[in-house]
Amino acid sequence: MLIIDCPYCGRRPEIEFTHGGEAHLVRPPQPAELSDQDWAAFLYMRSNTKGIYAERWRHARGCGQFFNALRDTTTDHFLSTYKSGTPRPVVNTTPSEEGHS
Amino acid sequence: MSKQPFSALSLIWRAASRHRSWQPQWRKAEPKKAYDAIIVGGGGHGLGAAYYLAKEHGLTNIAVLEKGWIGGGNTGRNTTIIRSNYLFSESAALYDHSLKLWENLSQVLNYNVMFSPRGVMMLAHTVHDVQVSKRHIHANRCNGVDNDWLEPEEAKAFCPPLNIDSNIRYPVLGAALQRRGGTARHDAVAWGYARAADAMGVDIIENCEVTGFRRDTAGAVLGVETSQGYIDSRKIGVCAAGHTSVVLQMAGVSLPLESFPLQALVSEPIKPIFPCVVMSNTIHAYISQSDKGELVIGAGTDAYTSYTQRGALHINTHTLDAICELFPHFRRLRMLRNWGGIVDVTPDRSPIIAKTPVPGLYVNCGWGTGGFKATPGSAHVFAWTMARDEPHPINAPFNIERFRDGYLIDEAAAAAVAH
């Protein structure tokens, strides 16, 4: 089980959280003006990165807040968690032991 | 067919010679400089596609490139359940095509894939489940797929270990039974296709990872860069399951896929006790007994995308809670092994078997948590698509454009879970 560092509550077990999919996807401001191709890309296309991946989590059985995390999908090590609305942090690519599952 | 066809006589003859005359069932091939077609991914779907390309389309100068060893990915990691009772007509056509191929596969390949149509029973636990199950049964029958409704006592008669007590957390209110469904031996499917394809001249190249694509100025594929050097081919089919995104990104193709860990586990082996396959979508567990005697148990994916081929123990614990409630006999059994595979999931939980925007590049992916049952059918229509550069009528709806055009085949909504 993953141990996830909620930016509001600290380190908690994975079962308190729900996964919110890829982070930093911005809803187009004028959906009606998009082509079908671009709208499908917004709805369905995901980077599905093998490596360092920015994703959303929600501390559903805790504070209820959404936040973002950087996780290495080849090891499941978390590199960073950060509040929604803040930019993706630059991290060195060596996975830290912090948040080790 | 192989130089050493299997039969009762050949077994007796080789037993008499102390089994010293058996040869390897397929060659260890080295890559040639060029092939008429290349399949990336040596699982059941890829090996099957190579077999049907050679058998039905006359393309024998082809290679299957496998990063690890054949059948070592999801083909060797699944719970081997075979059924075709899908809601939508497009899915029913695809999965029933596959089921019909399963029925004769051992004879066709001259290799015992141990297909066992022991019946797949899907439980209903709520009024809503009962209504949805009956709707499925009617839809299946309209599509020529067998499916019967069983009352709880009938379900118990079909599967005696089942607990139909009305006082359990999720009481059994009935079940939908597809009698033609069942299980097969997962490794044998990969080996059987590999052996039969090899006998027709297909090169099966293990430990050969694709690291890039070469394309001409018009964008069409010219060949693949691999860990064993460059190989030329104008026709490349990708059957890379959970790693499809990774492979296709090298060719600049994006697909609506996310890769999740899916776990399974087996118990210690016991004497035959479990005569069929039982699934429950509501409490999300499925179980059957292998011919070795192990109970084979699976459930839903982990919550997050990952490529680690492992998952969290609480997912298995949750599944076992459900199994112990439905089958109280099994509470004292010990579990022997658990493992994970990486499954590529589409937004509508239906596969993609299609041409890509890159000329000469084809993809067979998005099977999510239910690809094993489709192995022969998927391989058959994918080979057709590659050979003729146009989809077979069965896989035409399973294109990439459906996400743009809104023609989803929404089995995700139909089953309410990944299936």
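The shown structure was predicted, so the numbers you read here are calculated from the model rather than taken from an experiment.

### Things to note about the overall build of chain A
The helix and strand inventory of chain A stands at one helix and six strands. Written out in order from the N terminus, the α and β elements of chain A read β-β-β-α-β-β-β. Considering only C-alpha atoms, chain A reaches an extent of 45 × 30 × 20 Å along its principal axes. Relative to its full complement of 101 residues, chain A shows a buried share of 35%. Taking the contacts inside chain A whose residues are at least 6 apart along the sequence as the reference set, 44% of them involve residues at least 24 apart. Total accessible area on chain A is roughly 5500 Å²; 51% of this is exposed by carbon and sulfur atoms. Both charge centroids of chain A, one from 11 positive and one from 12 negative side chains, sit 5 Å from each other.

### Topic: the sheet that holds strand S13 (residues 258–267) of chain B
In a beta sheet, neighbouring strands are held together by backbone hydrogen bonds and run either parallel or antiparallel to one another. Residue and element names in this part refer to chain B. Within the open sheet, the eight strands sit side by side as S5-S6-S4-S14-S15-S16-S13-S17. Their pairing is mixed. Taken across any chain shown, the strands that pair with only one partner, and hence form the sheet edges, are strand S5 (148–150) and strand S17 (335–345). Direction aside, the axes of adjacent strands within the sheet are offset by 20° on average. On top of the sheet, helix H4 (residues 127–142) reaches strand S4 (120–124), S5 and strand S6 (174–178); it is set at about 155° to S5, its chief contact. Running over the sheet, helix H8 (residues 313–326) touches S4, S13, strand S15 (285–289), strand S16 (295–301) and S17 and is turned about 125° from S16.

### Comments concerning the interface of chain B and chain A
The interface is formed by 25 residues belonging to chain B together with 23 residues belonging to chain A. For the pair chain B and chain A, the summed buried surface comes to about 2000 Å²; carbon and sulfur atoms form 54% of the total. Considering only the surface of chain B that becomes buried against chain A, Tyr304(B), Tyr307(B) and Arg404(B) emerge as the three largest contributors, covering 30% of it. Run the count over chain B and chain A and you get zero salt bridges. The interface formed by chain B and chain A holds twelve residue pairs in polar contact (both at pLDDT 80 or more) in total. Counting only elements with at least two residues in the side of chain B that touches chain A, the list comes to helix H7 (244–249), S13 and helix H10 (402–405) of chain B.

### Quick look at the nonpolar core
Generally speaking, a soluble globular protein has its nonpolar side chains buried in company with each other. Residues and elements named next belong to chain B. Ile-39, Leu-47, Leu-53, Trp-102, Leu-109, Val-113 and Tyr-193 are the most contacted members of the largest nonpolar core, which totals 48 residues. Beyond its immediate chain neighbours, meaning those up to four positions away, Leu-53 contacts Ala-37, Ile-39, Gly-58, Leu-59, Ile-62, Ala-383, Met-386 and Ala-387. Counting 32 residues, the second-largest nonpolar core is a separate cluster that includes Ile-205, Ala-240, Leu-361 and Cys-365.

### Focus on the confidence of the model for chain B
With 98% of its residues at a pLDDT of at least 70, chain B reaches an overall mean of 95. Note on the complex model: pTM 0.95, ipTM 0.91.

### Notes on the sheet that holds strand S9 (residues 210–215) of chain B
All names here are of chain B. If you walk across this open sheet you meet the three strands as S9-S10-S11, and the pairing is antiparallel. Because the sheet does not close on itself, it has two edges, and the strands there are S9 and strand S11 (229–232). On average, each strand axis in the sheet is inclined to that of its neighbour by 25°, with strand direction left out of account.

### Looking at the packing of helix H2 (residues 44–57) of chain B against helix H9 (residues 375–388) of chain B
Residues and elements named next belong to chain B. Close contact between H2 and H9 brings their axes to 7 Å; oriented N to C, the two are set at 55°. Accordingly, the angle class assigned to the pair H2 and H9 is oblique. When the axes of H2 and H9 are compared, the crossing they make is right-handed. When H2 is examined against H9, the residues Gly-44, His-45, Gly-48, Ala-49, Tyr-52, Leu-53, Glu-56 and His-57 are found in contact with a partner set consisting of Thr-375, Pro-376, Ser-378, Ala-379, His-380, Phe-382, Ala-383, Trp-384, Met-386, Ala-387 and Arg-388. A per-class count over the contact of H2 with H9 returns ten nonpolar, seven polar and two charged.

### Some thoughts on helix H3 (residues 89–109) of chain B
Residues and elements named next belong to chain B. Its 21 residues give H3 an end-to-end C-alpha distance of 29 Å, which sits within 8% of 30 Å, the value for a rise of 1.5 Å per residue. In the structure, H3 departs most strongly from a straight axis at Glu-103, where the bend amounts to approximately 50°. Of all the positions in H3, only Ser-91, Ala-92, Leu-94, Tyr-95, Asp-96, His-97, Ser-98, Leu-99, Trp-102, Leu-105, Ser-106 and Leu-109 are classed as buried. Of the residues one or two after H3, Asn-110 is the one with positive phi, at around 50°.

### Quick notes on the packing of aromatic side chains
The way to describe two aromatic rings as a pair is by their centre distance and the angle between their planes. Throughout the structure, instances matching the rule amount to 18 aromatic pairs over all chains. Ring centres of Phe6(B) and Tyr111(B) lie 5.8 Å apart, and the angle between their planes is 65°; this geometry places the pair in the edge-to-face category. You can see Phe6(B) sitting in the segment before helix H1 (8–16) and its partner Tyr111(B) sitting in the loop between H3 and S4, a full 105 residues away along the chain. One aromatic cluster in this structure is built from Phe17(A), Trp57(A), Phe67(A), Phe78(A) and Tyr304(B). The ring of Tyr230(B) carries Arg214(B) above its face, with NZ or CZ at 3.6 Å from the centroid.

### Some points on the side chain of Glu16(A)
Tracing the chain through its elements places Glu16(A) in the loop between strand S2 (10–13) and strand S3 (18–22). Setting aside residues up to four positions removed in sequence, Glu16(A) forms contacts with Arg58(A), His59(A), Ala60(A), Arg61(A) and Gly62(A).

### Comments concerning the pattern of salt bridges
Residues and elements named next belong to chain B. Scanning the model with the defined rule gives 22 salt bridges over all chains in all. Across the pair Glu-268 and Arg-334 runs a salt bridge whose closest N-O atoms are separated by 3.2 Å. Placement of the pair is Glu-268 in the loop between S13 and strand S14 (277–280) and Arg-334 in the loop between H8 and S17, with a sequence separation of 66 residues. By relative accessible area, Glu-268 is classed as buried at 19%. On the basis of relative accessible area, Arg-334 is assigned to the exposed category, the value being 58%. Connected through salt bridges with shared partners, the residues Asp-96, Lys-100, Glu-103, Asp-146 and Arg-180 form a single ionic network.

### Some words on the environment of Val266(B)
With respect to the secondary-structure elements, Val266(B) resides in strand S13. Setting aside anything within four residues of it in sequence, one finds Val266(B) in contact with Glu294(B), Leu295(B), Val296(B), Met335(B), Leu336(B), Arg337(B) and Trp339(B).

### Quick word on unusual backbone geometry
Positive phi outside glycine occurs at Asp76(A), with the angle close to 65°. In this fold, Asp76(A) is placed in the loop between strand S5 (66–72) and strand S6 (77–83). Asp76(A) gets classed as buried once you look at its relative accessible area, which sits at 3%. The backbone of Thr80(B) sits at a positive phi, close to 60°, despite the residue not being glycine. One can find Thr80(B) in the loop between strand S2 (62–65) and strand S3 (81–82). Judged by relative accessible area, Thr80(B) falls into the buried class, the value being 12%.

Parameters and conventions
Residue positions within a chain follow its written sequence, with the count starting from 1. Starting at A for chains and at 1 for ligands, labels are handed out in the order in which the entities are written. Where local features are concerned, this predicted model is filtered to residues with pLDDT of at least 70; where side-chain atom pairs are given and counted, the filter is 80 or more; whole-chain, interface and lining totals use all residues. Excluding hydrogens and water, the side-chain figures rest on all heavy atoms present in the structure. Strands here are runs of E lasting at least two residues and helices are runs of H or I lasting at least four, both read from the DSSP assignment and numbered beginning at the N terminus. In this scheme, a residue with accessible area under 20% of its type's maximum is buried, one over 50% is exposed, and one in between is partly exposed, where area comes from a 1.4 Å probe on protein chains only. Whether two residues touch is decided by their heavy atoms; if any such pair falls within 4.5 Å, the residues are in contact. Calculation of accessible area relied on Shrake-Rupley with a 1.4 Å probe; when residues are assessed, cover is drawn exclusively from the protein chains displayed. Working convention for charge: Lys and Arg count positive, Asp and Glu count negative, and His plus the chain ends are omitted. Working definition for charges: the position is that of NZ of Lys, CZ of Arg, CG of Asp or CD of Glu. Pairing between two strands requires that DSSP report at least two bridges joining them. Note on geometry: axes are C-alpha line fits, over the in-contact stretch for helices, and angles between N-to-C directions span 0 to 180 degrees. Summed over both partners, buried area is the accessible surface (1.4 Å probe) that two parts give up on being assembled. By salt bridge we mean one thing: a side-chain nitrogen of Lys or Arg within 4 Å of a carboxyl oxygen of Asp or Glu. N or O atoms within 3.5 Å of each other form a polar contact, as long as, within protein, one can give a hydrogen and the other can take it, and as long as residues adjacent in sequence are counted only when both atoms are side-chain atoms. The nonpolar core is taken to be a set of buried Ala, Val, Leu, Ile, Met, Phe, Trp, Tyr and Cys residues, with the residues joined through side-chain atoms within 4.5 Å. Confidence of the predictor at the level of single residues is given by pLDDT, which spans 0 to 100. Note on angle classes: values under 35 degrees are labelled roughly parallel, values over 145 roughly antiparallel, values of 65 to 115 roughly perpendicular, and the remainder oblique. Two helices crossing with the near one rotated counterclockwise from the far one by less than a right angle form a left-handed crossing, whereas a clockwise rotation gives a right-handed crossing. In this classification, the charged set is Asp, Glu, Lys and Arg, the nonpolar set is Ala, Val, Leu, Ile, Met, Phe, Trp, Tyr, Cys and Pro, and all remaining amino acids, among them Gly, are polar. Expected helix span is given by 1.5 Å per residue-to-residue step, counting one fewer step than there are residues. Bend, at a single residue, is the angle you get between axes fitted to the 7 residues ending at that residue and the 7 residues starting at it. Centres within 6.5 Å are what make two rings of Phe, Tyr or Trp a pair, Trp counting through its six-membered ring; a difference in plane orientation under 30 degrees is then read as stacked, over 60 as edge-to-face, and the rest as tilted. A positively charged side chain is recorded as over a ring if its NZ (Lys) or CZ (Arg) lies within 6 Å of the ring centre. The angle to the ring normal must also be within 35 degrees.

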